[in-house]
Amino acid sequence: MCWFVYMIETVSGQLYTGISTDIERRFSEHSAAFTGTPKSLAKRGARYFRAHQPSRICYSETFANRALASKREAAIKRLSREQKWQIIAEANVELQQCELATAND
């Protein structure tokens, strides 16, 4: 089973970092408080998202196990906001380069 480290941007531009085996499911759980989902389901998301509406998943990395994902999550959480945005920007550049290479093939 793969584990993911992800960053979610809120509508106010803040960043949240977490880990999960299913990023889309986790994003839905975080978003539940703002989508009219019953409270029993809305409580599955992080407490942080009770006050900060998630906007989008802006970054993710894949790891072989939970221990490695947890270590990376902790490392990212220690970074400054600017350093986190740099990681996101670098990942987007790599993605664009892959898309261009694929389009040219």
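No experiment lies behind these values; they were computed from the predicted model shown. (Residues numbered from 1 in each chain as written. Predicted model: local features only at pLDDT ≥ 70, side-chain atom pairs only at ≥ 80, totals over all residues. Heavy atoms only, no water.)

## Some points on the nonpolar core
Right, on to step 1. Counting residues in hydrophobic clusters, the biggest one holds 12 residues: Trp3, Val5, Met7, Leu15, Ile19, Cys58, Tyr59, Phe63, Ala69, Ile76, Ile87 and Ile88.
Right, on to step 2. At the level of secondary structure, the elements contributing two or more residues to this core comprise β1 (3-10), β2 (15-20), β3 (54-63), α3 (66-78) and α4 (81-104).
Right, on to step 3. In this view, alanine 69 contacts Trp3, Val5, Ile19 and Phe63; residues no more than four positions away in its chain are not counted.
Right, on to step 4. Core analysis: the next-biggest nonpolar cluster, separate from the first, contains eight residues, Phe4, Tyr6, Ile8 and Ala46 among them. (Core = buried A, V, L, I, M, F, W, Y, C linked by side-chain atoms within 4.5 Å. Buried < 20%, exposed > 50% of the residue type's maximum accessible area, 1.4 Å probe, protein only. Helix = DSSP H or I, 4+ residues; strand = E, 2+ residues; numbered from the N terminus. Contact = heavy atoms within 4.5 Å.)

## Observations concerning the packing of aromatic side chains
Right, on to step 1. The full count for this structure, using the stated rule, is four aromatic pairs.
Right, on to step 2. Between tyrosine 6 and tyrosine 16, the ring centres sit 6.4 Å apart and the planes meet at 40°, which makes this aromatic pair tilted. Note that tyrosine 6 is positioned in strand β1 and tyrosine 16 in strand β2, a separation of 10 residues in sequence. Take tyrosine 6 and tyrosine 16: they sit in the same class, and that class is buried.
Right, on to step 3. Feature note: the residues Tyr6, Tyr16, Tyr48 and Phe49 constitute an aromatic cluster, connected by ring pairs. (Phe/Tyr/Trp six-rings, centres within 6.5 Å; stacked < 30°, edge-to-face > 60°.)

## Topic: the side chain of threonine 10
Right, on to step 1. Along the polypeptide, threonine 10 turns up in strand β1.
Right, on to step 2. For threonine 10, a relative accessible area of 2% puts it in the buried group.
Right, on to step 3. Threonine 10 has contacts with Tyr48, Phe49, His52, Gln53, Pro54 and Ser55, leaving out every residue within four places of it along the chain.

## Structural notes on the environment of arginine 26
Right, on to step 1. Here arginine 26 shows up in helix α1 (residues 23-31).
Right, on to step 2. In contact with arginine 26, not counting residues within four places along its chain, are Tyr6, Ser20, Arg44, Gly45 and Ala46.

## Thoughts on the pairing of β1
Right, on to step 1. Taken across its eight residues, β1 has eight buried, putting it largely inside the fold.
Right, on to step 2. Side chains of β1 alternate between two faces, with Trp3, Val5, Met7 and Glu9 and Phe4, Tyr6, Ile8 and Thr10 buried alike.
Right, on to step 3. Two elements, β1 and β2, share six bridges in a ladder whose sense is antiparallel. Within β2, the residue paired with tyrosine 6 across the bridge is glycine 18.
Right, on to step 4. Hairpin connection between β1 and β2: a loop of four residues separates the two successive antiparallel strands, and glycine 13 in this loop has a positive phi of roughly 90°. (Pairing = 2+ DSSP bridges.)

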